[in-house]
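Working through the structure, step by step
Here's the letter readout for the chains.
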Amino acid sequence: SSASLMPNNLTAYGPCMAFAHKAKVIVKPGTNSSSVLFQEKGTVTVIKHVKLFQECLVVCTDNGHICIYGAYHKKGIYTAHKKELSSPEGVSLNTCTSDGKSLLFIGSNTGIMTFEVKSSASMKELPGISHNKSVTALAYGASKLFAGDETGALYVYNRVETAKDMQRAAKIEGKGFPVNSLEVLGDKLLVCGMDNGKIELLDIKTNQVEATIVAHSAPVTAIATHPSKHMFASVSEDSYLNVWEYVPSEKKVKIVHSISITAKMATGVVYSGGKIAVTFYDDSNIYFAHL
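Here is a short report on the structure shown in this document. (Residues numbered from 1 in each chain as written. Predicted model: local features only at pLDDT ≥ 70, side-chain atom pairs only at ≥ 80, totals over all residues. Heavy atoms only, no water.)

Thoughts on the sheet that holds strand β11 (residues 111-117)
Strand order in the open sheet made by the 4 strands is β9-β10-β11-β12, with antiparallel pairing throughout. The open sheet has two free edges, formed respectively by β9 (93-98) and β12 (123-130), since each of these has just one partner strand. Sheet twist, expressed as the average angle between the axes of neighbouring strands with direction ignored, equals 25°. (Pairing = 2+ DSSP bridges. Helix = DSSP H or I, 4+ residues; strand = E, 2+ residues; numbered from the N terminus. Axes fitted to C-alpha atoms, helices over the stretch in contact; angles between N-to-C directions.)

Take a look at the structure:
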């Protein structure tokens, strides 16, 4: 098995990492442990570690299945204790995120589906947010939900404390290129990886674009934000892993590292245990950059 050509095709929870190839989910519980395989009912389109009532691995497939796997904290490995939800016919599932508590958001070609997941036994669908364009990337931070679509537009939704509703606060028009990856950096900035190779940084407080970087020569396929520093990593179909530092005093971004690990297209990137891990199309290895 090897990695699929889909953006954001690597996710991590502590030392545990998971990526997808076709209908398989490959979980590597730790650096030295052997992989665990889950066979799904369709081609995987979304794989993402999220925090709900516990640490979970969410997997979506091209035939509308949404699987939620629970994690054993002690071992850091996902178990096949899974809940399955299904989406309506003709809906393609592209991306997901959570509020870190009980709400799971899934972006599709018709909008954003919302599920309340309070325990492995308690799961219900809540009213979603409809979009006339395909939602291609989601992120959550500072009580806001961020959505990017196939036109490059960004939507900001505020969480209404009294309800589970999300109210639209802002829309930033796109330039015609899909948003492939969204990650929140330190609850202050939204890092947006675009299909035209650019990265945009959005100030979460003001909803203004702080900086635009010509980051790669091909589509940005994944972004990972550093857990504690003003740094983030990006990978692309151009095969490069780039590491960036945001300098708040100057509102500028500078490049710290740029390396091509293999000649293949990169599909996923995460920070894991002080290292940066990267996956590539049609390759079953996870590569580590010691930077």
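Describing the sheet that holds strand β15 (residues 154-159)
Ordered in space as β13-β14-β15-β16, the 4 strands form an open sheet in which the pairing is antiparallel. Edge positions in the sheet fall to β13 (135-141) and β16 (166-172), since each has one partner strand and no second. Neighbouring strand axes in the sheet, compared pairwise and without regard to direction, differ in orientation by 20° on average. As judged from the 6 bridges shared by β13 and strand β14 (residues 144-149), these two strands associate in the antiparallel manner. Directly across from A137, in β14, lies its bridge partner G148.

Regarding the pattern of salt bridges
Summed over the entire model, instances satisfying the criterion amount to 9 salt bridges. Between K48 and E183 there is a salt bridge whose closest N-O contact spans 3.2 Å. Taken together, the residues K48 in strand β5 (residues 44-51) and E183 in strand β17 (residues 179-185) connect sequence positions 135 residues apart. Here K48 falls in the partly exposed class, since its relative accessible area comes to 22%. Here E245 and K254 are joined by a salt bridge, their closest N and O atoms 4.0 Å apart. Residue classification places K254 among the partly exposed residues on the basis of a relative accessible area of 46%. Put simply, E116, K118 and K124 are held in one network by salt bridges that share partners. (Salt bridge = Lys/Arg side-chain N within 4 Å of Asp/Glu carboxyl O. Buried < 20%, exposed > 50% of the residue type's maximum accessible area, 1.4 Å probe, protein only.)

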